[in-house]
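As a plain string of letters, each chain reads:
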Amino acid sequence: MLCKKCVLPEAKPDIVLSADGICNICIDFEKRKTLKQDNVILESEVIKVLNKYRAKGRHDCLVMCSGGKDSTLALYYMKKRYRMNPLAFTFDHGFENEEALVNIKKAVNILGLDWVYYKSNFMKDVFAKIIESKTQAPICHVCAIWYLWFTHELAARFNIPLIVAGWTKGQSLHKGETGAEYNTMSAATSDFIANCLHKDPKYRDFPRSIKEVLARSRKKFKTEAISPHWVLPYEPDRIKEILEAELGWRPTKLSYPLNSTNCIMNFVSVYLCMKNFGFTHYHIEMSKLIRLGELTREEALKLLEINFDEKFINTIVNKIGCSLKG
Amino acid sequence: MNILGVSCFYHDSAACLIKDGNVIAAASEERFNRQKNSSAFPSNAINFCLQTGDITVNDIDYIGFYEKPFLKFYRVILNHLQAYPFSLKNFMDILPSWLQDRLIMPLVFKKELGFSKDPLFIKHHLSHAASSFLVSPFGEAAILTADGVGEWATLTFGFGKGNDIKIIQEMHYPDSFGLLYTAVTTYLGFEALEGEGTVMGLAAYGKPTYLDKFKDMVLVKSDGSFKINQAFFGFNRGSRMYSNRFIKTFGKERKPLDKVEERHCDIAASLQRFIEESLVIIARNLYNYTKMEKLCLAGGLFLNCVANAKILEETPFKQVFIQPAAGDSGGALGAASYIYHTLLGNSRKFILQNAYLGPSFSSNQIKRMLINHQIDYRELDELRLIKYVARRISEGKIIGWFQGRMEFGPRALGNRSILADPRNPNMKELLNAKVKNREPFRPYAPAVLEERAADFFKAKQFSPFMLLATNVKDDKKKAIPAVTHIDGTARVQIVSKSTNPRFWNLISEFENMTGIPVLINTSFNLKGEPIVCSPEDALTDFKRSQMDILVLENYILEK
């Protein structure tokens, strides 16, 4: 059963529905809102951060860009709205969608930006280990940890103190939020990394959580990370219009949720998360967007509709020598 | 060229963006942070203005602040020294706020916005003067400003020509009509900076039997200058604004919950009459000096629509302009206008024809909000919606009316309004009981079709911003009893088709149904709250009151 306000299902102990069918996350959100503790971030806050790093080196910031609409728009905003000189960065673990890569190429060409495209097989074995070990750790969580850590390392190599991502308001924790809905997923991820991945010397340095990435980065690189979407109006249709008109951006044929993530391995992650938890990090993201009034429950449910089957998933996992059968 | 005007740290914080000479956006911080008359740094209002102008703080060429803090602080220190030792506690209370922000404004702008250039400081009353004249339709005009106090000035008069403003004379603190009005407002048991309008409403119920006492207390000379006997007041003492001598003269002060007696009405009437007469003397002098036929008014005192009308009626001025944010929020508009036109020498091309400078919300945003709140609603096309709402108003329903861009200034002018039928003699009581919870002696204002205003109201000039009181024509008083004040006046807003077509259409449709081109238009808020800004604010007030229908753009909610 889903929460009546958002799209989170009951998943004890993290998500508990009240007698009225409202989840604890929505109840907590309303409470903070009533107490005016919802800490809205204003654009001026983001600009202050940008100005701190403007024109300090060859590049002002490093933008994580997968070619999806949110990250491409973040790149666009950095160059056009904030007049920064960003270095675009794409991490391809071998499962990036070709159409998304075309989008990035067009964007960096039109915007006249430097671009680092890094293709690596490093994650391929990690994905295989996740599937073989039958851990509940979501593939996307593990991947996001590495992607973020590697981005911090790369930023340091280029002497860039600021990382910019296309994280939506729904993908970020704000002051006062506990992120309780992530607890079990995060625990499974940390457990998998510590007890399985770290046994392989190749992955000994793999951070166990996003929290660890940020702590390490603060200590080692002193980099900051922000997203323009935290502070700007977020209208998906309008965003699509801007990107198509200004950067020749096109939505990819394969994407889950619609017009969102393009990575092929994402489908496997979603499939396994639904099986293990009954929801994915997209449910969490969209639930937050619903609470913030940027999406309706019906719109979210439509976007979250599963548009693929196990056969399709197997074609992907077979590429890394695995199978989901049995 | 982008210029941001800012007013804050006293009351009615606001921001305004002028882009290449056009006023693009302006809003009060209270609407965003939901604290009535908020004095906070207007971060939300500034962010709104910049996003509306599609610029960031890095694109701002100048920031104008609406007063000169050091000059003001100098006055504050001197005044507190004069009132020592009674003023000590008050001084110690206010000192931290001066040190933390008002005296370090460049640092405040850097800290809050990341703006590292030096802001420009425009004198408080010059900001007021600019807020009116520089956006008025007049090429030249006399200018009169009055409020509580700026740096030293409490009232100034001068004139504007082209893009220049000259101040001829200033009255200085503590001689202040604004503070006098506020002091008496608090004496009568109403809140300072909030209850002045209430006192204006109360005045119509009394007789000016105390007028001589006010004249004894305040000497107004023939040249328009005036002197307030400070023995009656204590503006720096902190605890209250009037002295024991004032109480001895006027009797025991009224506590907020006490009954309003005839004496209170008479004191309010006397104060109102005294202010009107004094302003008329000053305005006549100003006319004699300038010989200009047009007059621009600004400053909190000129939110007093009854006094404004008297100035227009009893002086040789033929036309008056008062912009909708006549109080301190308008200082943001004035500071930005003054920089663009007067300091930078740009010619004028913008006329403030409407107050709709605040945020608007798309149909999608509203629909999402309604769906997420699991509210039943209907969507109608505009034509059907207008007909439906007009009919429901004529049936006695109270409507929350939310559309387009929010108004700048304290008046709701048809975009964040509560509407009702002015024909119903009980409507004032109904509105008070079901929604507004206001004092029974406060009148509700009419919004009338511009073309039909003269058929219902008598006035030399009408205001689109509800800032000129008029007399209701004798033969119409019975037709619109709910907006006719006890003294036969009404605080009219004229609605033109060009500036607010949808609201005009609604009133017009109401006229088609009833023969009356008038609606009650009161601000969309509940007692003690700022006017609503977002659809969610509107929904909250709708749920918390007994409003019958809520219209959010083309969506209709009913109870």
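All values derive from a computational prediction rather than experimental measurement. Every residue gets a number counted from 1 within its own chain, in the order that chain's sequence is written. Labels follow written order: the first chain is A, the first ligand is 1, and so on. Thresholds applied to this predicted model are a pLDDT of at least 70 for local features of residues and 80 or more for the giving and counting of side-chain atom pairs; totals over whole chains, interfaces and linings are not thresholded and use all residues. Hydrogens and waters are ignored; side-chain quantities use all the structure's heavy atoms.

A few points about unusual backbone geometry
Peptide bonds are, in most cases, trans, and in most cases residues other than glycine have a negative phi. All names here are of chain A. Keep this limit in mind: Each helix is a run of DSSP H or I of at least 4 residues and each strand a run of E of at least 2, with the numbering of both proceeding from the N terminus. The rule is simple: take the accessible area with a 1.4 Å probe, protein chains only, and divide by the maximum for that residue type; under 20% is buried, over 50% is exposed, in between is partly exposed.
Omega for the bond connecting Lys-12 with Pro-13 falls within 30 degrees of zero, at 5°, which places this linkage in the cis form. Tracing the backbone through its elements, the reader meets Pro-13 in the segment before α1 (24-34). Even without being a glycine, Asn-159 presents a positive backbone phi close to 60°. Topologically, Asn-159 is positioned in the loop between α6 (139-157) and β4 (162-164). For Asn-159, a relative accessible area of 65% corresponds to the exposed category.

Digging into the side chain of Thr-56 of chain B
Which entries qualify depends on this criterion: We call two residues in contact whenever any of their non-hydrogen atoms come within 4.5 Å of each other.
Mapped onto the elements, Thr-56 of chain B comes out in the loop between α2 (43-52) and β4 (62-65). Contact partners of Thr-56 of chain B, with chain neighbours within four places excluded, come to Glu-43, Ile-47, Arg-81 and Tyr-82 of chain A together with Leu-50 of chain B.

As for helix α11 (residues 281-291) of chain A
To keep it simple, the criterion reads: Two N or O atoms count as a polar contact when they lie within 3.5 Å, although within protein this holds only if one can serve as hydrogen donor and the other as acceptor, and sequence-adjacent residues are included solely when both atoms are side-chain atoms.
In terms of residue burial, α11 of chain A counts as a mostly covered element, since 11 of its 11 residues are buried. For α11 of chain A, the set of buried residues is His-281, Tyr-282, His-283, Ile-284, Glu-285, Met-286, Ser-287, Lys-288, Leu-289, Ile-290 and Arg-291 of chain A. Residues of α11 of chain A that are buried in the fold lie against α1, α6, α7 (183-195), α10 (265-276) and α12 (297-303) of chain A together with α14 (363-372) of chain B. In this structure Thr-280 of chain A caps α11 of chain A, since a side-chain oxygen of it lies 3.0 Å from the backbone nitrogen of Tyr-282 of chain A. With its phi angle positive at about 80°, Gly-293 of chain A sits one or two positions after the end of α11 of chain A.

Considering the environment of Phe-457 of chain B
All names here are of chain B. Note on placement: Phe-457 falls in strand β17 (residues 457-458). Spatially, the C-alpha atom of Phe-457 lies 5.2 Å from that of Lys-473, the residues being 16 residues apart in sequence. In this view, Phe-457 contacts Pro-446, Val-448, Phe-462, Thr-470, Asn-471, Val-472, Lys-473, Ile-480, Ala-490, Val-492 and Val-518; residues no more than four positions away in its chain are not counted.

What to know about the domain arrangement of chain B
Residues and elements named next belong to chain B. The condition that has to hold: Residue ranges labeled as domains rest on an automatic or database domain assignment. Once two parts are put together, the accessible area they lose, assessed with a 1.4 Å probe and summed over both, is termed the buried area. Salt bridge, as used here: a side-chain nitrogen of Lys or Arg that lies within 4 Å of a carboxyl oxygen of Asp or Glu.
Each domain of chain B was delimited in the assignment, giving domain 1 (2-66 + 68-121 + 328-343), domain 2 (171-320) and domain 3 (363-558). The straight-line distance from the C-alpha centre of domain 1 to that of domain 3 is 32 Å. Each partner contributes residues to the interface: domain 1 has 17 residues there, and domain 3 has 14 residues. A combined buried area of about 1,100 Å² lies between domain 1 and domain 3, and 57% of that area is made up of carbon and sulfur atoms. The three residues of domain 1 that bury the most area against domain 3 are Arg-31, Arg-34 and Lys-36, which together make up 60% of that side's buried surface. Between domain 1 and domain 3 we count one salt bridge in total. Put simply, domain 1 and domain 3 have six residue pairs in polar contact (both at pLDDT 80 or more) between them. Taken together, the elements giving at least two residues each to the side of domain 1 that touches domain 3 come down to β3 (22-28), α1 (30-33), α2 and α13 (330-343). With five residues, the single largest contributor to the side of domain 1 that touches domain 3 is β3.

Concerning the interface of chain B and chain A
Stated precisely, the cut-off is as follows: Under the grouping applied here, Gly and all other residues not named as nonpolar or charged are polar, the nonpolar ones being Ala, Val, Leu, Ile, Met, Phe, Trp, Tyr, Cys and Pro and the charged ones Asp, Glu, Lys and Arg.
Each side of the interface is counted separately: chain B has 25 residues, and chain A has 27 residues. Both faces considered, chain B and chain A share a buried interface measuring about 2,000 Å² in area, 39% of it formed by carbon and sulfur atoms. The largest share of the area that chain B buries against chain A comes from Gln-51, Arg-368 and Asn-372 of chain B, three residues that together contribute 31% of it. Taken together, the connections running from chain B to chain A amount to five salt bridges. Residue Glu-536 of chain B is joined to Lys-33 of chain A by a salt bridge in which the shortest nitrogen-to-oxygen separation is 2.7 Å. Across the contact surface, chain B and chain A share 16 residue pairs in polar contact (both at pLDDT 80 or more). Going through the elements one at a time, α2, α5 (105-113) and α14 of chain B are the ones with two or more residues in the side of chain B that touches chain A. In terms of residue count, α14 of chain B provides more of the side of chain B that touches chain A than any other element does, five residues in total. Within the side of chain B that touches chain A, the residues separate by chemical class into four nonpolar, 13 polar and eight charged.

As for the packing of aromatic side chains
Test applied: Centres within 6.5 Å make a pair out of two Phe, Tyr or Trp rings, where for Trp the six-membered ring is used; the pair is then stacked when the planes are under 30 degrees apart, edge-to-face when over 60, and tilted otherwise. By the criterion adopted, a ring carries a charge over it if an Arg CZ or a Lys NZ lies within 6 Å of its centre and within 35 degrees of its normal.
Per the counting criterion, the structure on display carries 48 aromatic pairs over all chains. Relative to Trp-230 of chain A, the ring of Trp-167 of chain A has its centre 6.3 Å away and its plane inclined at 20°; by these criteria the two rings are stacked. Taken together, the residues span a long stretch of sequence, with Trp-167 of chain A in the loop between β4 and α7 and Trp-230 of chain A in the loop between β5 (224-226) and α9 (236-247) at a distance of 63 residues. Overall, Trp-167 of chain A belongs to the partly exposed group, its relative accessible area being 24%. Residue classification places Trp-230 of chain A among the buried positions, given a relative accessible area of 17%. Ring geometry for Tyr-187 of chain B against Phe-246 of chain B: centres 4.9 Å apart, planes inclined by 75°, an arrangement best described as edge-to-face. A residue pair is termed long-range when its members are at least 10 positions apart, and Tyr-187 of chain B in helix α7 (residues 177-187) and Phe-246 of chain B in helix α10 (residues 244-250) qualify at 59 residues. Across the pair, exposure class does not vary: Tyr-187 of chain B and Phe-246 of chain B are buried alike. An aromatic cluster is built from Phe-177, Tyr-187, Tyr-210, Phe-214, Phe-226, Phe-233, Tyr-242, Phe-246, Phe-250 and Phe-274 of chain B, whose rings are joined through pairwise contacts. Geometry around Trp-149 of chain A places Arg-216 of chain A over its ring, the cationic atom sitting 4.8 Å from the centre.

Some remarks on the pairing of strand β7 (residues 153-161) of chain B
All names here are of chain B. Short version of the rule: Two strands qualify as a pair provided DSSP detects at least 2 bridges between them.
Of all the nine residues making up β7, seven are buried; the element is thus mostly covered by neighbouring parts of the structure. Hairpin connection between strand β6 (residues 140-146) and β7: a loop of six residues separates the two successive antiparallel strands. The pairing of β7 with strand β8 (residues 164-172) spans eight bridges and is antiparallel. Opposite Gly-160, over in β8, you have Ile-165 as the bridge partner. Between β7 and β8, which pair antiparallel in sequence order, lie two residues; one of them, Gly-162, sits at a positive phi of approximately 60°.

Quick word on helix α2 (residues 43-53) of chain A
Counting buried positions along α2 of chain A yields eight of 11 residues, so the element is predominantly enclosed. Looking at α2 of chain A, one finds that the buried residues are Glu-43, Ser-44, Val-46, Ile-47, Val-49, Leu-50, Asn-51 and Tyr-53 of chain A. On its buried side, α2 of chain A packs onto α3 (69-81), β4 and β5 of chain A together with α2 and α5 of chain B. Directly after α2 of chain A, the chain includes Ala-55 of chain A, whose backbone phi takes a positive value near 55°.

Concerning the sheet that holds β4 of chain A
In a beta sheet, neighbouring strands pair by backbone hydrogen bonds and run either parallel or antiparallel. Residues and elements named next belong to chain A. Keep this limit in mind: To obtain an axis, a line is fitted to C-alpha atoms, over the contacting stretch when the element is a helix, and the angle between two such axes runs from 0 to 180 degrees between their N-to-C directions.
Spatial ordering of the open sheet is given by β3-β2-β1-β4-β5, a layout of five strands whose pairing is parallel. Either end of the sheet is taken by a strand with one partner, and the two such strands are β3 (114-119) and β5. Adjacent strand axes in the sheet meet at a mean angle of 25° when their direction is disregarded. In this fold α3 packs onto β1 (61-64), β2 (86-92) and β4, with an angle of close to 155° to the strand it touches most, β1.

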